[in-house]
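Architecture at a glance
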Amino acid sequence: QEYTAVKMEVVEWSAGAKNIIGDRVGGRKVFLVAATLRPETMYGQTNCFIGPSIKYGVFAMSDTEAFVCTYRAARNMAFQGISKTRGDINQLLEIDGASLVGTRVKAPFALNPEVYVLPMENVLPTKGTGVVTSVPSDSPDDCATLADLAKKPAFYGIEPAWAGIAPVPVISTPEYGDLIAPELIKRMKIQSQKDVKQLSEAKDIAYKEGFYNGTMLVGEFKGVRVEEAKPRVRERMIEAGLAMAYAEPEGLVISRST
Ligand code: ZZB
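No experiment lies behind these values; they were computed from the predicted model shown.

Quick word on the site of the ligand
What surrounds the ligand is a group of 18 residues, the closest being T36, L124, K127, K203 and Y207. One of the side-chain N or O atoms of T36 is found 2.7 Å from an oxygen atom in the ligand. Between the ligand and L37, the relevant distance is 3.3 Å, taken from an oxygen atom to a main-chain nitrogen or oxygen of the residue. Computed on the free molecule, the ligand has an accessible area of 700 Å², of which 90% lies beneath the protein chains in the complex. Secondary structure elements with two or more residues in the shell around the ligand: strand 2 (29-36), strand 9 (131-134) and helix 7 (196-213). Here the element with the most residues in the shell around the ligand is helix 7; it accounts for three residues. Tallied by class, residues from the shell around the ligand come to nine nonpolar, five polar and four charged.

Observations regarding empty space enclosed by the protein
Summed over all chains, the structure comprises one cavity of 30 Å³ or more. The calculated volume of the largest cavity comes to roughly 30 Å³. For the lining of the largest cavity, the class distribution of residues is five nonpolar, two polar and one charged.

Notes on unusual backbone geometry
For F109, which is not a glycine, the phi torsion comes out positive at approximately 70°. Mapped onto the fold, F109 is located in the loop between strand 7 (104-106) and strand 8 (114-119). Non-glycine residue K189 carries a positive phi angle of around 55°. For K189, the location among the structural elements is in the loop between helix 6 (180-187) and helix 7.

What counts as what
- Residues numbered from 1 in each chain as written.
- Predicted model: local features only at pLDDT ≥ 70, side-chain atom pairs only at ≥ 80, totals over all residues.
- Heavy atoms only, no water.
- Near = heavy atom within 4 Å.
- Polar contact = N/O pair within 3.5 Å; in protein donor to acceptor, adjacent residues only side chain to side chain.
- Areas by Shrake-Rupley, 256 points an atom, 1.4 Å probe, with all protein chains shown as cover.
- Helix = DSSP H or I, 4+ residues; strand = E, 2+ residues; numbered from the N terminus.
- Nonpolar A, V, L, I, M, F, W, Y, C, P; charged D, E, K, R; others polar.
- 1 Å grid on protein atoms, 1.4 Å probe; cavity = no way out; pocket = protein on both sides within 12 Å on 5 of 7 lines; lining within 4 Å.
- Points joined across faces, edges and corners; volume = space filled by probe spheres on them.

Structural measurements only, silent on function.
The structure is reproduced here in structure tokens:
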């Protein structure tokens, strides 16, 4: 499966991250890099998720830019022409996911131009970059996680307002309306991010419905079918220098059938 890696520029570090990072990035612009299969939904980003117990690195990609992602992803990027020198992995420092929570980042193409980094229990260290951009309108996982965070902000160590951004309608489908993920959560009576089996079913429905029956409600391709808009939004983000193609070598065998 080929992902789109979206560059979310750090606007302000959380207090914890600021302490760890200090002056160790050498004046580089730093981006959290999220891997997505749904570039057309980027208009609806409301936050960014990291795994609180995952180890991340800050990797110098050039003299002027550094990426936050897992070591595994940095290694893949080094062999996909994303870092300046092929095969070169230049880790500036290591940081745990929990310390990144509360960092404010830019959300490319989103109607909410800046969003907060929040914790998600189900982020896999072995998939994508370990950083996930959150679109609660179209991703049932994101919608369920945000509901959990909003219910117990103190437990999750966040400010209530960070998880309080409403889902933004991005895609309309005839069967599920303008906010497919909240609608599926309701119809399937999903209670929390711990309902992984139902969430996986909801994700399958949301992918298929969005792709085959969805129409864009916002952005340059408003009114265009998702099937057609998807590669075009991706191209626009890449042209703007806000995203890159990112492939997952380990996924090649698995994705052959899809
Ligand atoms: C934004 C987005 C918007 C996503 C949406 C999905 C949806 P999949 O489908 O399981 O192969 N993701 C990326 N990396 C990770 C990770 N390390 N751990 C957990 N989740 C991750 O995974 C691809 C999707 O899972 C990615 O696309 C990302 O969320 C998340 F409206 O990015 B997506 C119906 C889904 N809708």
